[in-house]
Amino acid sequence: MANLKDCTKWNIHDDFYTRKKTWEQITSFIDKNKIIYEFCLLNSNEQSKKYLQELGYKVLGNNTIDFLKKNKEEEEADILVSNIPFSSELKIKILKKLVELDKPFIIIMNSLNLFTKYFKEIFKEKDIYFIYPSTKIHYDKYENGKLQPTKNNTSFYSIYVTYKVINKNVWI
């Protein structure tokens, strides 16, 4: 059996972007009257915000706001929605802040995170639920200012993690 620590080190990229189809999958779980804060837009092209707006939502957030610092958007929003960074250092900080804010959220993350020690510790006293997509979630990449759709060959499974949004696990 292979052991990942014996493999060549991979570069971790946080510059992959959520496709509109991925947001469309969860529209039935977010009331159109709710104000969304797309909170992981720092230094991005704000594509997720645009997609959510196209789907009929009022969306706060922009690429100059650092979610890890206090901001007015987190107070004004009814629900926080984002595809959080892949790198563990940022992800852990974001997850801890979400718990601290205690607001409804839906985040997209690699499903293997559910089995990590930090995930269990961060959410040990919270009622979180999952939306399980029936297929893999694929992502796009922006290079040189242009959308570069990736092939549908994402090497991992992603999941929607929810808090105060649904009260049971759901398959879609």
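Given the structure is predicted, the values throughout are model-derived calculations rather than measurements.

(A) Layout of the overall build of the protein. For the protein, the helix and strand inventory stands at five helices and ten strands. Taking the principal axes of its C-alpha atoms as reference, the protein extends roughly 50 × 40 × 35 Å. The buried share among the 172 residues of the protein stands at 45%. In the protein, once contacts between residues fewer than 6 apart in sequence are set aside, the share between residues at least 24 apart is 72%. Entry remark: accessible area of the protein is about 10200 Å², with carbon and sulfur atoms responsible for 50%. Where the 28 positive side-chain charges of the protein centre and where its 22 negative ones centre are 4 Å apart.

(B) Region of the structure containing the pairing of strand E2 (residues 35–38). Two strands pair when backbone bridges link them, and E2 and strand E3 (residues 58–60) are joined in this way by three bridges, in the parallel orientation. Paired with Ile36 across the two strands is Val59, which belongs to E3. A crossover connection joins E2 to the parallel E3 through helix H2 (residues 47–54); in handedness this β-α-β unit is right-handed. Inspection of the sheet shows E2 paired to strand E4 (residues 79–83) by three bridges, in the parallel sense. Bridge assignment links Tyr37 to a residue of E4, and that residue is Leu80.

(C) Here's a closer look at helix H4 (residues 88–101). End to end, H4 covers 20 Å across 14 residues, agreeing with the expected 20 Å (1.5 Å per residue, within 8%). When we look at burial in H4, the residues that qualify are Lys91, Ile94, Leu95, Lys97 and Leu98. Viewed along the axis of H4, the buried residues span an arc of 165°, placing them on a single side of the element. Away from its buried face by more than 90 degrees, H4 exposes Glu89 and Glu100.

(D) Looking closely at the packing of aromatic side chains. All chains considered together, the criterion is met by ten aromatic pairs. Seen from their ring centres, Tyr132 and Trp171 are 4.5 Å apart, and the 25° between their planes marks the pair as stacked. Here the residue Tyr132 occupies a position in strand E6 (residues 128–132), and Trp171 occupies one in strand E10 (residues 170–171), the gap between them amounting to 39 residues. Following the ring pairs from residue to residue traces out a cluster consisting of Phe105, Phe119, Phe123 and Tyr163. One cation-aromatic arrangement involves Lys97 over Phe67; the distance from NZ or CZ to the ring centre is 4.6 Å. Across the ring face of Tyr157, the terminal group of Lys136 is positioned such that the distance to the ring centre comes to 4.8 Å.

(E) Spotlight on the nonpolar core. If you look at the biggest cluster of nonpolar residues, it comprises 24 residues, and the most contacted ones within it are Phe39, Leu95, Leu98, Ile107, Phe119 and Val161. Going through the elements one at a time, H4, strand E5 (105–110), helix H5 (117–122), E6 and strand E9 (158–163) are the ones with two or more residues in this core. Excluding residues within four positions of it along the chain, Ile107 makes contact with Phe39, Ser82, Ile84, Leu95, Leu98, Ile159, Tyr160 and Val161. Membership of the second largest hydrophobic core comes to 20 residues, among which are Tyr57, Val81, Ile106 and Ile131.

Cut-offs and rules
Residues numbered from 1 in each chain as written. Predicted model: local features only at pLDDT ≥ 70, side-chain atom pairs only at ≥ 80, totals over all residues. Heavy atoms only, no water. Helix = DSSP H or I, 4+ residues; strand = E, 2+ residues; numbered from the N terminus. Buried < 20%, exposed > 50% of the residue type's maximum accessible area, 1.4 Å probe, protein only. Contact = heavy atoms within 4.5 Å. Areas by Shrake-Rupley, 256 points an atom, 1.4 Å probe, with all protein chains shown as cover. Lys, Arg positive; Asp, Glu negative; His and termini not counted. Charge placed at Lys NZ, Arg CZ, Asp CG, Glu CD. Pairing = 2+ DSSP bridges. Right-handed = clockwise from strand over helix to strand, strands pointing away. Expected span 1.5 Å × (residues − 1). Arc of directions from axis to C-beta. Phe/Tyr/Trp six-rings, centres within 6.5 Å; stacked < 30°, edge-to-face > 60°. Lys NZ or Arg CZ within 6 Å of the ring centre and 35° of its normal. Core = buried A, V, L, I, M, F, W, Y, C linked by side-chain atoms within 4.5 Å.

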